[in-house]
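# Residue-level structural notes
Each chain is listed here by its residues.
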Amino acid sequence: MALNDGNISAKDFGKDFKWGVAMAAAQNEGAHNIDGKGASIWDAFAKSSSKIKGGHKPNIACDFYHRYKDDLLLVKALGFSVFRFSISWARILPDGTGSINKDGINFYHRVIDECIKLGITPYITLYHWDLPHELEKKGGWTNYYVNKWFNRFVTICAEAYGDKVKNWIILNEPFGFTSLGYMLGSHAPGKTGLSNFLPVIHHVALAQAEGAQIIRSKVPQAYIGTTFSCSEIIPFSDKQKDIDAANRVDILMNRLFIEPTLGKGYPTEDSFNFLEKLHMENKAWKYTKRLQFDFDFIGLQYYFPVTIRHNNLVPIVNASEVKPATRKVPRTDMGWEIKADSFYNIIKKMWQYEGIKEIIITENGAFFKDELKSGIVNDVERIDYFQQHLQAVLKAKNEGVNIKGYFAWTLMDNFEWTEGFNARFGLIHVDFETQLRTIKDSGYWFRDFLSV
Ligand code: BGC
């Protein structure tokens, strides 16, 4: 597949195709304790853990809270017509459950109003990884009551913004935050082990379906989606052991949350039954039913493929990644393999599921070590990454996959979770000392790409 000729433009995707940029509250807003906001698990994690590079904290981040008007002008200037952002639960409900923070509600009204004024369509993500810290103290996503708490938060948001915003995304990458935060402990809240991970999977899968039902019942004409991270899982060799190992990882990384959503229950297979406990519950018809929701669109987020080999030493999954660096393949400065063919392959694979009506690529992007020199960031590698990956999307679309949009990750450099502020994914460079924004060449590239 020739993915790299770069000779495509937005026109090739059709005139109704949605072009957007995405960002997230905890990564961009800052104002971590301003106007009544409560702490999130990321505020707490940044204080207490040594896992965030450079000891960086999301306290100020890009200061989007105060600069949203200028930042939305930049969205407009680059030619994007969709702005995807998330709502900080702890800004709306400082302790997660109790009284509503009016200032928090008003902040998102201002953002939404500004979008509408500029002719930009807002897409709200309800949960992009920043649980209120007060809820984490009660067990967070492991607590049975988390669904009650989440449903109330969703209800408040739907009632506040539902007459202005029709596009809703329930969760950002459930596999990402459950595995990193509650199994491996590398992300907030830093919990580990199956005793945390298993109940969290179930509560999160329920939250996804119930949150969507609430939006459906409260927001007339809502267009509802949720997002899944996806990676092509490639066996390291054609030995059966490696193929089986890759299959187990595929169950975890690609199938765990989408299959219950589509009414198939959890993806347990005889050969890999770590989900047995959930499977038992899942046999009850009521759970399979309760986990299902007829989404209007599925958000797919792609960054890299994963190569897997059998490894007895790794408990449960008996598999490990063969890191891109050891295979000397092209990679981003995050160390992630660059392989647009895998993007195409995983889109095609996901599209085979029955029950998916529309797909939006809700995130795709790359970190490269940018250099700001005399007001210019000549990020040719990022431009190349976008070109290759857009070609992959177009190819899948032209072959009949119903892809309705593409949202680049991300508008501007921001707080990249445990990587802190040095892993820059933005189309716009941010000087975190002065908050000066500089459009990178990739941002100008998008502007030209979209203007045709
Ligand atoms: C997340 C973003 C993150 C990006 C790059 C995605 O999985 O949704 O929040 O910044 O990956 O790591």
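To start, this report covers the structure provided alongside it. (Residues numbered from 1 in each chain as written. Predicted model: local features only at pLDDT ≥ 70, side-chain atom pairs only at ≥ 80, totals over all residues. Heavy atoms only, no water.)

Another point: the environment of threonine 226. Take threonine 226: it is sitting in strand β5 (residues 223–230). With 155 residues separating them along the chain, threonine 226 and aspartate 71 place their C-alpha atoms 25 Å apart. Dropping the residues within four chain positions of it, threonine 226 is found in contact with Ile169, Ile170, Leu171, Gln208, Phe295, Phe297, Ile298 and Gly299. At 2.9 Å, the side chain of threonine 226 and the side chain of glutamine 208 are in polar contact. (Helix = DSSP H or I, 4+ residues; strand = E, 2+ residues; numbered from the N terminus. Contact = heavy atoms within 4.5 Å. Polar contact = N/O pair within 3.5 Å; in protein donor to acceptor, adjacent residues only side chain to side chain.)

With that settled, consider the sheet that holds strand β3 (residues 121–127). Around the barrel, eight strands lie side by side as β1-β2-β3-β4-β5-β7-β10-β13; this closed barrel has parallel pairing. For this sheet the average axis-to-axis angle between neighbouring strands, irrespective of direction, equals 25 degrees. Pairing of strand β1 (residues 18–22) with strand β13 (residues 403–409) involves five bridges; the strand directions are parallel. Each residue of the ladder has a partner; that of glycine 20, found in β13, is phenylalanine 407. The sheet strands contacting helix α7 (residues 146–161) are β3 and β4 (167–171), and the helix crosses β3 at an angle near 165 degrees. (Pairing = 2+ DSSP bridges. Axes fitted to C-alpha atoms, helices over the stretch in contact; angles between N-to-C directions.)

This brings us to unusual backbone geometry. Residue alanine 188 is joined to proline 189 through a cis peptide bond whose omega torsion reads 5 degrees. By secondary structure assignment, the location of proline 189 is in the loop between α8 (174–182) and α9 (194–218). Cis peptide bonds are those with omega within 30 degrees of zero, and the linkage from tryptophan 409 to threonine 410 qualifies with 10 degrees. Checked against the element boundaries, threonine 410 lands in the loop between β13 and β14 (428–430). Unusually for a residue other than glycine, glutamine 221 sits at a positive phi of about 60 degrees.

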